[in-house]
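# Summary of the model geometry
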Amino acid sequence: MMKTILRITFLAALLPLLLACNEFPNNDEPVLPEPAYTSFAGNLSIGPMTKAASTAPVGSIVSIELTESGLYFLGRVADEKGTVSYRTGKYTVSGNEYRLAGYGSVVFDNSQTGQVSLTLKPDGGTVEQTQATFLKPTVSNKVYRAWNVDKTRLTVKGWTTVGADFTGCNFQEIAQFLWDNHHKVPQDVPNRSITSLSLTGTEKMIFAYSDGYADMSEFSLSGNVIHYSWEQRPQGFTFESDEAVIEYMDGKCLLTISGRIQNSSTSGSVTFVLSPQE
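In this report, we go over the structure that sits alongside the text.

Criteria and thresholds
- Residues numbered from 1 in each chain as written.
- Predicted model: local features only at pLDDT ≥ 70, side-chain atom pairs only at ≥ 80, totals over all residues.
- Heavy atoms only, no water.
- Helix = DSSP H or I, 4+ residues; strand = E, 2+ residues; numbered from the N terminus.
- Areas by Shrake-Rupley, 256 points an atom, 1.4 Å probe, with all protein chains shown as cover.
- Salt bridge = Lys/Arg side-chain N within 4 Å of Asp/Glu carboxyl O.
- Buried < 20%, exposed > 50% of the residue type's maximum accessible area, 1.4 Å probe, protein only.
- Arc of directions from axis to C-beta.
- Polar contact = N/O pair within 3.5 Å; in protein donor to acceptor, adjacent residues only side chain to side chain.

## Quick word on the overall build of the chain
When helices and strands are tallied, the chain shows three helices and 18 strands. By element, 46% of the accessible surface of the chain is carried by carbon and sulfur atoms, the whole surface being about 12,500 Å².

Structure follows, in structure tokens:
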């Protein structure tokens, strides 16, 4: 679900490079209300997506993730290789009609998992009837929701070891800090931030960005450990393990990922300090 990250997002550089988890003094799990859209959440796999995205024409919608917190992630085929690009926004529901802000509406029977007849109604576009597979979450967990990125804690090891806390997660700010401390990262880093991280009951881990795009991976949850798998590996980077660790402190969720630059002595990990999105 990730694109070629050096070209499209700096997240791939962040995941391998950033922040080591500091010592957190308590691990009290917060009591959180159920997200407002839990009963409407699920994943739509559309047409050729059930076989291979590469069989769908460029521009085709192949998936729509509808999250427990009222965010949607719409996946389109971006190139002839079948790369999927994701856009995000908020949705509302009236009966079987989902209004996707910035796109239009989709209509289908959301009562159960299985094959559904789907109506796509883009604003200003042509109404289309198609078939899709709707997957509803079968288990619940307090982590399955959208989380705001309050802080990014960073530690990088290499020729020098550096660490810092950043408000939110702005790529240019973090890249400049790494360059200032003699850790090389791509120079053409966009002025882009991670605005939220969604973990869904259909086992999708989704990073949403300030420009409306998103990156998505599949994951499984075992205790407080997430095992994740990107569809497309970041070019030039490798992960030390496909795991992320979840902790809780003072109502916050702490998500820590580790990795290193390929063919480099630079390694580290990133911890996102997250608060539940209203």
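## Here we look at the pattern of salt bridges
Under the counting rule described, the total for this entry stands at six salt bridges. Across the pair Lys 121 and Glu 97 runs a salt bridge, and its minimum N-O distance is 3.7 Å. Remark: Glu 97 occurs in strand β5 (residues 97-100) and Lys 121 occurs in strand β7 (residues 114-122); sequence separation between them is 24 residues. Residue class for Lys 121 comes out partly exposed when judged on its relative accessible area of 31%. Classification of Glu 97 by relative accessible area gives partly exposed; the value is 30%. For Asp 211, the salt bridge is made with Arg 192, and the minimal N-O distance between the two is 2.8 Å. Of this pair, Asp 211 sits in the loop between β12 (204-209) and β13 (213-222) while Arg 192 sits in the loop between α3 (171-180) and β11 (194-199); the two residues are 19 residues apart in sequence, bridging distant segments of the chain.

## Examining α3
Along α3, the residues that are buried comprise Phe 171, Ile 174, Ala 175, Phe 177 and Leu 178. Projection of α3 onto a plane perpendicular to its axis shows the buried side chains occupying an angular sector of 160°, all on one side. Its side-chain oxygen at 3.1 Å from the backbone nitrogen of Gln 172, Asn 170 defines the N-terminal cap of α3. Phi for His 182, located one or two positions after α3, is positive at around 70°.

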